[in-house]
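Overview (structure and organization)
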Amino acid sequence: QLQLVESGGGLVQPGGSLRLSCAASGFTLHYYGIGWFRQAPGKEREGVSCISSSGGSTNYADSVKGRFTISRDNAKNTVYLQMNSLKPEDTAVYYCAAVRGGSDYRSLLGHEYDYWGQGTQVTVSS
C-alpha cells in the first residue's frame, strides 16, 4: 500500500520556524518528484514548493521564497520543508504529494501528482 505521511505541524508564533516531514511507505521516494501544497479555510489549494527526484531542482511559490527550504533524504525515504520567518498567512493544512517522472521533473500544479498524504495543520498565531 502506497502511503505518504506528513508530520511536524503545530502552533507557532509569528517569526517562528517549523520543519515538516513527508515520509513514504510502500514505495521508494527516490523515483518521485515531491511537492508541498497548502490549503487554508475558504481558499484554494496552493503549491508551495517542489523538488525533483534527483534533488537537484526545486521551485518555490513567490509567497514563500527566501523563507522556506525543501530538501530530501532518499536514504530515509523522506522529504522535508523547513519553514522560517512564519507569518499568520502561512496558516493552513500542508500536504505532500508524489509524482513519478524524470530525474529533473517537479511541479507546483497539484493535478499532476499521483499520491497524496493526509495533511498536517500549521497554525501561526500569537
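For the structure given in this document, a descriptive report is provided here.

Positive phi values are uncommon outside glycine, yet asparagine 77 reaches one of about 60 degrees. Within the fold, asparagine 77 resides in the loop between β7 (68–73) and β8 (78–83). On the accessibility criterion, asparagine 77 (15% relative accessible area) is buried. Within the chain, serine 85 stands out as a residue other than glycine whose phi angle is a positive 50 degrees.

Next up on the list: the pairing of strand β4 (residues 32–39). Of all eight residues in β4, seven are buried; the element is thus mostly enclosed. Relative to strand β9 (residues 92–100), β4 runs antiparallel, the two being bridged by eight bridges. Note that in β9 the partner of glycine 33 across the bridge is valine 99. In this antiparallel pair of consecutive strands, β4 and strand β5 (residues 46–51), the connection spans six residues, and glycine 42 shows a positive phi of 80 degrees.

Scanning the entire structure with this criterion turns up six aromatic pairs. Aromatic pair phenylalanine 37 and tyrosine 113: ring centres 5.2 Å apart, planes at 80 degrees, arrangement edge-to-face. One end of the pair, phenylalanine 37, is in strand β4; the other, tyrosine 113, is in the loop between β9 and β10 (115–116), and 76 residues separate them in sequence. By relative accessible area, phenylalanine 37 is classed as buried at 1%. Residue tyrosine 113 is classed as buried on the basis of its relative accessible area, which comes to 6%. Plain terms: the ring middles of phenylalanine 37 and tryptophan 116 are 4.9 Å apart, the flat faces sit at 50 degrees to each other, and that makes the pair tilted. Within this pair, whereas phenylalanine 37 is found in strand β4, its partner tryptophan 116 is found in strand β10, the two being separated by 79 residues in sequence. Each member of the aromatic cluster is reached from another via a ring pair, and the members are Phe27, Tyr32 and Tyr115. The ring centre of tyrosine 32 lies 5.6 Å from the NZ or CZ of arginine 100, which sits over that ring.

Calculation criteria
Residues numbered from 1 in each chain as written. Predicted model: local features only at pLDDT ≥ 70, side-chain atom pairs only at ≥ 80, totals over all residues. Heavy atoms only, no water. Helix = DSSP H or I, 4+ residues; strand = E, 2+ residues; numbered from the N terminus. Buried < 20%, exposed > 50% of the residue type's maximum accessible area, 1.4 Å probe, protein only. Pairing = 2+ DSSP bridges. Phe/Tyr/Trp six-rings, centres within 6.5 Å; stacked < 30°, edge-to-face > 60°. Lys NZ or Arg CZ within 6 Å of the ring centre and 35° of its normal.

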